[in-house]
Amino acid sequence: MKIVDIKYCDMRFSGNVRNSVIDFSQMTTTAVAIVTDIIRDGKPIIGWGFNSAGRYGQSGIISSRLAPRIMKAEAAELLSDEGTNFSPDKIFKVMMKNEKPGGHGDRAHAVGAIDMAVWDLVSKIEEKPLWKYLSETYGDGTYSDKVFCYAAGGYYSDESFSEEKRLQILKNEMKSYLDEGFTTVKMKVGGASLAEDMKRLEAVISVSGNGSVTSVDANGKFDLKTALAYAETMKPYNIMWFEEPGDPNDYLLHAVLADQYSCPIAIGENLFSEQDIKNMILYGHLRSQIDYLQMDANLAYGATGFIKIMKVIKEMGWDAQRIYPHGGNLLCLHLSAAFKLGGSECYPGVFQPFGGFGDSTRIENGYASLPMECGIGIEQKQSLYQVMKQLMI
């Protein structure tokens, strides 16, 4: 049982959208394929992975450090103690050899892309969907048979359009998500004036029907004064949550906001380690009964890192229902089901083909059905699989 090759390359997302901080016209992800010598149905078993949107591709780190370490490792460093499968924990340790603590940035994303492929590979060898394998090996053996999901979108339209047209585009997008079966939606703020953003929020609520099923995401844009101004203005709308209000390492901003804003705050997609999350909970004054944590596994050392972070969160007295994985992709769905989390983000319309779930997944009354195929299910999302297969050419 050997890994015979690790293939990877940076790829672009379709579309050209903008949030409060960046546009995604130049954004990339790193796609990864781990090829083994295990043959099933006449083909080698391959694990597929990638890192999430919002952080650039990491092929440089993979090529210079991570992939060579794995390929040079002895079998005992990669396989389970029984020798019947690969060990995600051991492979993680191999990747992190000679790496200092801290500095959880691009390295975390590079590891996350490979780690996703490792978990896809391991669960395929076990002939189980990843959610089932995770539940049995790292959970309590039970799982959610369906996962609550919200549709993330609401990016900014071309500024050459009239305000009326931009608002109509936004409303049409949100209506399309509701028509697909989602009951909650998320939109962007911070890329326009407060007044314009409130018009955008009102437009979305006119479609969603209620502020409590509508959340907003500032992508870390605001200073404290602006975050407080938005919070005060949005109070009457009673929104689902105010996401990423300021710099993710500005604990004071979050602490003051949490002390003055009665509605939920959501944070975590740009926090990549156990210590990052622990610091935010402690010094950001996060409220375990009100706020939400949204780590992005593909950016935070993969499912292996996500499991480590969840352990810290549990030790700090937080319930799993307060966790909504960020990333909007297939891995989010598996993690949410396996560990009975509060729900999952989904990108049904942006960051394609990497965003969103598999072709067989159905959304009904806000809940996603679980994929039953072995692994993560990349092969069952045809638009994504066709792109990923380019790695094997």
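Residues numbered from 1 in each chain as written. Predicted model: local features only at pLDDT ≥ 70, side-chain atom pairs only at ≥ 80, totals over all residues. Heavy atoms only, no water.

Participant: Explain the overall build of the protein to me, using residue names and the numbers behind them.
Facilitator: From N to C terminus, the protein includes 13 helices and twelve strands. Taking 2.2 N^0.38 as the reference for a compact globule, 393 residues should give roughly 21 Å; the C-alpha atoms of the protein span a radius of gyration of 20 Å, in line with that estimate. The principal-axis extent of the C-alpha atoms belonging to the protein is close to 60 × 40 × 40 Å. Contacts in the protein between residues at least 24 apart in sequence constitute 72% of all its contacts with a sequence separation of at least 6. (Helix = DSSP H or I, 4+ residues; strand = E, 2+ residues; numbered from the N terminus. Rg over C-alpha atoms; globule rule 2.2 N^0.38 Å. Contact = heavy atoms within 4.5 Å.)

Participant: How would you sum up the pairing of strand β4 (residues 146-152)? Please name residues and give values.
Facilitator: The side chains of a regular strand alternate between both faces of the sheet. Burial analysis of β4 places six of its seven residues in the buried class, the great majority of the element. Of the pairings in the sheet, the one linking β4 to strand β12 (residues 367-369) comprises three bridges and is antiparallel in character. Within β12, the position partnered with Val 147 by the bridge is Ala 368. The pairing of β4 with strand β10 (residues 344-346) spans three bridges and is classified as parallel. Its bridge partner lying in β10, Cys 149 is registered against Ser 344. (Buried < 20%, exposed > 50% of the residue type's maximum accessible area, 1.4 Å probe, protein only. Pairing = 2+ DSSP bridges.)

Participant: Go over the packing of helix α1 (residues 59-72) against helix α4 (residues 106-125) with me, naming the residues and quoting the values.
Facilitator: Where α1 contacts α4, the axes come no closer than 11 Å and their chain directions differ by 50°. In this view, α1 runs oblique relative to α4, as classed from their interaxial angle. Both α1 and α4 take part in a crossing whose hand is right-handed. On the side of α1, the interface is formed by Ile 61, Ile 62, Arg 65, Leu 66 and Ile 70, while α4 contributes Asp 106, Arg 107, Ala 110, Val 111 and Ile 114. Partitioned by chemical class, the residues of the contact of α1 with α4 number seven nonpolar, no polar and three charged. (Axes fitted to C-alpha atoms, helices over the stretch in contact; angles between N-to-C directions. Parallel < 35°, antiparallel > 145°, perpendicular 65-115°, else oblique. Left-handed = near helix turned anticlockwise from the far one by under 90°. Nonpolar A, V, L, I, M, F, W, Y, C, P; charged D, E, K, R; others polar.)

Participant: Describe in detail the sheet that holds strand β2 (residues 28-40), supporting the description with residues and values.
Facilitator: One open sheet accounts for three strands, arranged β1-β2-β3; its pairing is antiparallel. One side of each edge strand has no neighbouring strand; the edge strands of this open sheet are β1 (3-12) and β3 (43-50). Shown here is a sheet whose adjacent strand axes are inclined to one another by a mean of 25°, direction ignored. In terms of strand pairing, β2 meets β3 through seven bridges, oriented antiparallel. Note on β3: the bridge partner recorded for Ile 39 is Pro 44. Each of β1 and β2 is contacted by α1, which is oriented at about 170° to β1, the strand it contacts most. Along the sheet, α4 contacts β2 and β3; its crossing angle with β3, the most-contacted strand, is approximately 145°.

Honestly, that's just the spatial picture; any functional story needs more than this.
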